[in-house]
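Residues per chain are reported as follows:
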Amino acid sequence: MRYAMVIDTLKCVGCSDCVVACQTENDVPIGYCRDWITETVNGAYPSIELELKSERCNHCENAPCVRCCPTGASHQLNNGIVLVTGDECIGCGACIESCPYDARYQHPDGYVDKCTFCHHRLEKGQLPACVSVCPTKCMYFGDLDNPNSEVSELLKKRKYKTLAPEAGTKPHVYYLI
């Protein structure tokens, strides 16, 4: 099993419900976030396009944050989820610097924190909090190794992109365009 998230940029309205759900579900300190909304304007008047995206850790197959962690606090599970074990993290910030997606932050308690795809919810058979609250249902989550999963079907049928493909990280967050 390899978990992945697919986000339909044509459905996202930038409401930030995913951000609030994540902060609430994971007790993220005020002023910090594990996910965020980006707004990109493409084109020139009168042909302007606005793209809204919910961004987070990409749970990369080739994760530089895992390779550079001196303590092994940053690690990858067999299902592809990249986690940080807070009590093993020394807060050196090497993983923050190595991430091409700027998806990690220094928690006020001294360790590095990031999106976990709500690993604790997955263990209970629940979807990540961000996916479960999205009012436009633009976020999908599932197993890339299952050719019949919703995420696999969407990636077969729709044009998509990943962020910073040139980084060679093989991210597991996909954006339908």
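Quick note: structure is the one above.
Residues numbered from 1 in each chain as written. Predicted model: local features only at pLDDT ≥ 70, side-chain atom pairs only at ≥ 80, totals over all residues. Heavy atoms only, no water.

### Section: helix α6 (residues 150-157)
Rules: Accessible area is worked out with a 1.4 Å probe on protein chains only. A residue is then buried under 20% of its type maximum, exposed over 50%, and partly exposed in between. Put simply, DSSP H or I for four residues or longer makes a helix, DSSP E for two residues or longer makes a strand, and each gets a number counted from the N terminus. As used here, the arc is the angular range of directions from the helix axis to the C-beta atoms.
Where α6 is concerned, the buried positions are V151, S152, L154 and L155. Take α6 and look down its axis: the buried residues cluster within an arc of 165°, on one side only. In this structure, α6 carries K156 and K157 as exposed residues pointing more than 90 degrees from its buried face.

### Considerations on the side chain of S54
Put simply, the rule reads: We call two N or O atoms a polar contact when they sit within 3.5 Å, provided that within protein one can donate a hydrogen and the other can accept it, with sequence-adjacent residues counted only if both atoms are side-chain atoms. In this description, contact between two residues means that some pair of their heavy atoms is separated by no more than 4.5 Å.
Within the fold, S54 resides in strand β3 (residues 47-56). Within the structure, S54 has its side chain in polar contact with the side chain of R56 (distance 2.8 Å). When near neighbours in sequence (up to four residues on either side) are disregarded, S54 contacts I7, C18, D35, W36, I37, M139 and Y175.

### Looking at the sheet that holds strand β9 (residues 160-161)
Where we set the bar: Strands are treated as partners if at least two bridges between them are detected by DSSP. Orientation is described by lines fitted to C-alpha atoms, with helices fitted over the stretch in contact, and by angles between N-to-C directions that extend from 0 to 180 degrees.
Strands sit in the order β8-β1-β10-β9 across an open sheet of four strands; the sheet is mixed. Each end of this open sheet is capped by a strand with a single partner; those strands are β8 (139-143) and β9. Two strands pair when backbone bridges link them, and strand β1 (residues 3-8) and strand β10 (residues 173-176) are joined in this way by four bridges, in the parallel orientation. Considered in β10, the bridge of D8 is made with L176. Sheet contacts for α6: β1, β8, β9 and β10; angle to β8, the most-contacted strand, approximately 110°.

### Quick word on the pairing of β3
Relative to β3, strand β2 (residues 35-44) is paired through 10 bridges, and the arrangement is antiparallel. Looking across to β3, one finds that E39 is bridged to L52.

### Topic: helix α1 (residues 17-25)
The set of residues buried in α1 consists of C18, V19, A21 and C22. Viewed along the axis of α1, the buried residues span an arc of 165°, placing them on a single side of the element. Elements in contact with the buried residues of α1: β2, β3, α5 (129-133) and β8. Positive phi shows up at D27, right after α1, with a value of about 50°.

### Describing the nonpolar core
For soluble globular proteins, the rule of thumb is that nonpolar side chains tend to be buried together. Going by this rule: Put simply, buried Ala, Val, Leu, Ile, Met, Phe, Trp, Tyr and Cys residues joined by side-chain atoms within 4.5 Å make one nonpolar core.
Ranked by internal contacts, the top residues of the largest apolar core, which has 36 residues, are M5, I7, F117, M139 and F141. Sort the elements by how many residues they give to this core and β1 lands first, with three residues. Within the second largest apolar cluster, nine residues are counted, among which are V6, V151, L155 and Y174.

### Brief notes about the packing of aromatic side chains
Which entries qualify depends on this criterion: Stacked, tilted and edge-to-face are the three classes applied to pairs of Phe, Tyr and Trp rings, where Trp contributes its six-membered ring and a pair requires centres within 6.5 Å; stacked means planes under 30 degrees apart, edge-to-face means over 60, and tilted covers the rest. Charge-over-ring placement is defined geometrically: NZ (Lys) or CZ (Arg) within 6 Å of the ring centre, and within 35 degrees of the ring normal.
Scanning the model with the defined rule gives four aromatic pairs in all. Taking 5.0 Å as the distance between ring centres and 25° as the angle between the ring planes, the aromatic pair formed by Y3 and F141 counts as stacked. Of the two residues, Y3 sits in strand β1 while F141 sits in strand β8, which places them 138 residues apart along the sequence. We note that Y3, like F141, is buried. Seen from their ring centres, Y160 and Y174 are 5.4 Å apart, and the 85° between their planes marks the pair as edge-to-face. Residue Y160 is found in strand β9, and its partner Y174 is found in strand β10; the two are separated by 14 residues along the sequence. Members of the aromatic cluster, joined through ring pairs, are Y3, F117 and F141. Directly above the aromatic system of Y175 lies the positively charged group of K53, at a separation of 6.0 Å from the ring centroid.

### Quick look at the state of the cysteines
What counts is decided by this rule: In plain terms, two cysteine sulfur atoms within 2.5 Å form what is called a disulfide here.
Scanning the entire structure with this criterion turns up zero disulfides. C65 takes part in no disulfide bond, and the closest cysteine sulfur, belonging to C57, lies 6.1 Å away. The buried category is assigned to C65, whose relative accessible area is 7%. Note on C138: no disulfide assigned, nearest cysteine sulfur contributed by C134 at a separation of 3.6 Å.

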